[in-house]
Amino acid sequence: MGGQEEEFVAKAFRENWIAPLGPNLNGFESDLENYIGNDKHIAVLSSGTAAIHLALVQLGVSEGDEVICQSFTFCGSANPIMYQGASPVFVDSEPSTWNICPKALETAILDRLDKGKTPKAIIPVHLYGMPYLIEEVAAVAAKYNIPIIEDAAESLGSTYKSQKCGSFGDFAALSFNGNKIITTSGGGALVCKSQPTKKRAVFYSTQARDDAPHYQHSEIGFNYRMSNVSAGIGRGQMLVLEKHVALRREMHQFYQEIFAKIDGITVLTEPSEDYFSNHWLTAILVNPSKTQGIDREQMRLHLETYNIESRPLWKPMHLQPVFADRPYYGTNVAEELFENGLCLPSGSNLEDPDRKRIKSAILELFKK
Ligand SMILES: *Cc1c(COP(=O)(O)O)cnc(C)c1O
């Protein structure tokens, strides 16, 4: 927390706006719209998963449809496809950004078309804050006229060619879950291209109530609207977003410097000057053939002995038991990332003594 969150929340209490309605909601939405820019209209919701769900609803995804999704991601990207009774088609990553591979994406689309199915949407992800290959993915989507739902849950504050992540897709999802770059404890937002689309999103997020004095419903809705209390936290968090990005990037630089002197470790880094990552998490790949046999798991356990938590990367969706029978296109890029990758402590609240402890634990392991 930055400090001003409590004031916004206290104001909600004072004015008795304890509901999924109120001035903080509108305020947080306009803060986000100003930040994301590009004439976007934003509806704040109860989670990032809800945002992806409402994007699918608005694109008319329903029973029996197919939606393409980056396999290397958190389940929040893929689960909403199932909520709609549709089927996910998973696509591999490419090595430069670790995100969806445009070539495998096109192969997937062509094969699905061959099977008589036109995918209804594509869900690429800016994983760990790293923008995906924006132009290449947009070109494939445009060629086959398939809308993009940009999963920007981890990438608020990241840019590609100075344009904010969350402004590239036909829709985009943001998340303010407790672990994200800014948080409302739990929450999310759907970025829309027009005011009427945003109004539809709000309509669906508040139980799809018709315009009548009584409660009347012609469609099925959801209880997905953010509360005015959470939005108060969000307004305070917007004031520290840039600071959080700077701190995460400092952590990334800290690891870059350590690993520059150690063979066999690659830090996920921007492929060119066009990319600017918020470095939400700093993630590395460990290549045991160059580290005298030290692998990812040994490194994780070593850090754990010093009470330093690190975690394997996201387990790809096509390897998840629940999605085992779903189609997958690609090779083993995502799989190898999962096998050899590790997320390192990256929080905005780490201090010099923490960094010292992390550095000496890493150096101890690799000097052997
Ligand atoms: C966190 C996250 C989501 C879901 O957001 P919630 O607010 O937790 O529902 C979706 N996709 C990715 C990549 C995420 O990291």
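Residues numbered from 1 in each chain as written. Predicted model: local features only at pLDDT ≥ 70, side-chain atom pairs only at ≥ 80, totals over all residues. Heavy atoms only, no water.

A tally of regular secondary structure across the protein chain gives 12 helices and 15 strands. Here the C-alpha atoms of the protein chain give a radius of gyration of 21 Å, agreeing with the 21 Å that 2.2 N^0.38 yields for 368 residues. Here the C-alpha coordinates of the protein chain stretch approximately 75 × 60 × 35 Å along the principal axes. The contacts of the protein chain with a sequence gap of at least 6 include a subset with a gap of at least 24, amounting to 70%. Carbon and sulfur atoms make up 51% of the accessible area of the protein chain, which totals about 16200 Å². (Helix = DSSP H or I, 4+ residues; strand = E, 2+ residues; numbered from the N terminus. Rg over C-alpha atoms; globule rule 2.2 N^0.38 Å. Contact = heavy atoms within 4.5 Å. Areas by Shrake-Rupley, 256 points an atom, 1.4 Å probe, with all protein chains shown as cover.)

Let us look at the side chain of glutamine 84. Structurally, glutamine 84 can be placed in the loop between α4 (79–83) and β3 (87–91). Within the structure, glutamine 84 has its side chain in polar contact with the backbone oxygen of valine 61 (distance 3.0 Å). (Polar contact = N/O pair within 3.5 Å; in protein donor to acceptor, adjacent residues only side chain to side chain.)

As a further point, take the pattern of salt bridges. Within this structure, the stated rule accounts for 19 salt bridges. Of the charged contacts, one joins glutamate 15 and lysine 11 as a salt bridge, the two residues approaching to 3.3 Å between their closest N and O atoms. Since its relative accessible area comes to 39%, glutamate 15 is described here as partly exposed. Put simply, glutamate 29 and arginine 225 hold a salt bridge, and the shortest N to O gap is 2.8 Å. Placement of glutamate 29 in helix α2 (residues 23–36) and of arginine 225 in the loop between α7 (195–205) and α8 (228–238) is noted, with a sequence separation of 196 residues between them. Of the residues examined, arginine 225 reaches a relative accessible area of 12% and is grouped as buried. Within the structure, one salt-bridge network assembled from shared partners comprises Glu29, Glu33, Lys198 and Arg225. (Salt bridge = Lys/Arg side-chain N within 4 Å of Asp/Glu carboxyl O. Buried < 20%, exposed > 50% of the residue type's maximum accessible area, 1.4 Å probe, protein only.)

Our next topic: the nonpolar core. Leu32, Tyr128, Leu156 and Phe176 are the most contacted members of the largest nonpolar core, which totals 35 residues. Of all the secondary structure elements, the ones that give two or more residues to this core are α2, β1 (41–45), β8 (171–175), β9 (188–192), α8, α9 (241–259) and α11 (333–340). Looking at which element gives the most residues to this core, the answer is α2, with five residues. Both domain 1 (5–241) and domain 2 (242–367) contribute no fewer than three residues apiece to this core. Apart from the residues within four sequence positions on either side, phenylalanine 176 is in contact with Phe28, Leu32, Leu156, Ile182, Thr183, Thr184, Ser185, Gly186, Gly187, Gly188, Ala189 and Met226. (Core = buried A, V, L, I, M, F, W, Y, C linked by side-chain atoms within 4.5 Å. Domains from an automatic or database assignment.)

Pairing is antiparallel across the open sheet formed by four strands, whose spatial order is β10-β12-β15-β13. Two strands lie at the open edges of the sheet, namely β10 (265–267) and β13 (311–312), each paired on one side alone. In this structure, β13 lies alongside strand β15 (residues 341–344), joined through two bridges in antiparallel fashion. Each residue of the ladder has a partner; that of arginine 311, found in β15, is cysteine 343. Set on the sheet, α9 makes contact with β10, β12 (282–286) and β15; between it and β10 the angle comes to about 155°. Strands β12, β13 and β15 of the sheet are contacted by helix α10 (residues 296–305), whose axis makes an angle of about 25° with β15. (Pairing = 2+ DSSP bridges. Axes fitted to C-alpha atoms, helices over the stretch in contact; angles between N-to-C directions.)

For lysine 117, the position within the fold is in the loop between α5 (102–114) and β4 (122–123). Sequence separation between lysine 117 and alanine 55 is 62 residues, and the spatial gap between their C-alpha atoms is 20 Å. Leaving out residues up to four positions away in the same chain, lysine 117 has contacts with Gly64, Glu66 and Arg112. Among the polar contacts listed, one links the side chain of lysine 117 to the backbone oxygen of glycine 64, at a separation of 2.6 Å.

Take the sheet that holds β3 next. Spatially, β4-β2-β3-β14 is the arrangement adopted by the four strands of the open sheet, whose pairing is parallel. One side of each edge strand has no neighbouring strand; the edge strands of this open sheet are β4 and β14 (328–329). In this sheet, β3 lies alongside strand β2 (residues 66–70) in parallel orientation, the contact comprising five bridges. Bridging across to β3, isoleucine 68 finds its partner in valine 89.

Take the site of the ligand next. Around the ligand, the surrounding shell holds 15 residues, and the nearest of these are Thr49, Asp151, Glu154, Ser175 and Lys180. In this structure, an oxygen atom belonging to the ligand sits 2.8 Å away from a main-chain N or O atom of glycine 48. Taking serine 77, its side chain carries an N or O atom lying 3.5 Å from a nitrogen atom of the ligand. Considered on its own, the ligand offers 380 Å² of accessible surface; in the complex 94% of this is hidden by protein. Looking at the shell around the ligand residue by residue, the classes come out as three nonpolar, nine polar and three charged. (Near = heavy atom within 4 Å. Nonpolar A, V, L, I, M, F, W, Y, C, P; charged D, E, K, R; others polar.)

This next bit is on the packing of α5 against helix α6 (residues 134–143). Contact pair α5 / α6: the axes reach a minimum separation of 9 Å and the direction vectors enclose 15°. Classified by the interaxial angle, the pair formed by α5 and α6 is roughly parallel. The two elements α5 and α6 cross, and the hand of that crossing is right-handed. Touching Pro102, Leu105, Glu106 and Ile109 of α5 are Glu136, Val137, Val140 and Lys143, all from α6. A class-by-class count of the residues in the contact of α5 with α6 yields five nonpolar, no polar and three charged. (Parallel < 35°, antiparallel > 145°, perpendicular 65-115°, else oblique. Left-handed = near helix turned anticlockwise from the far one by under 90°.)

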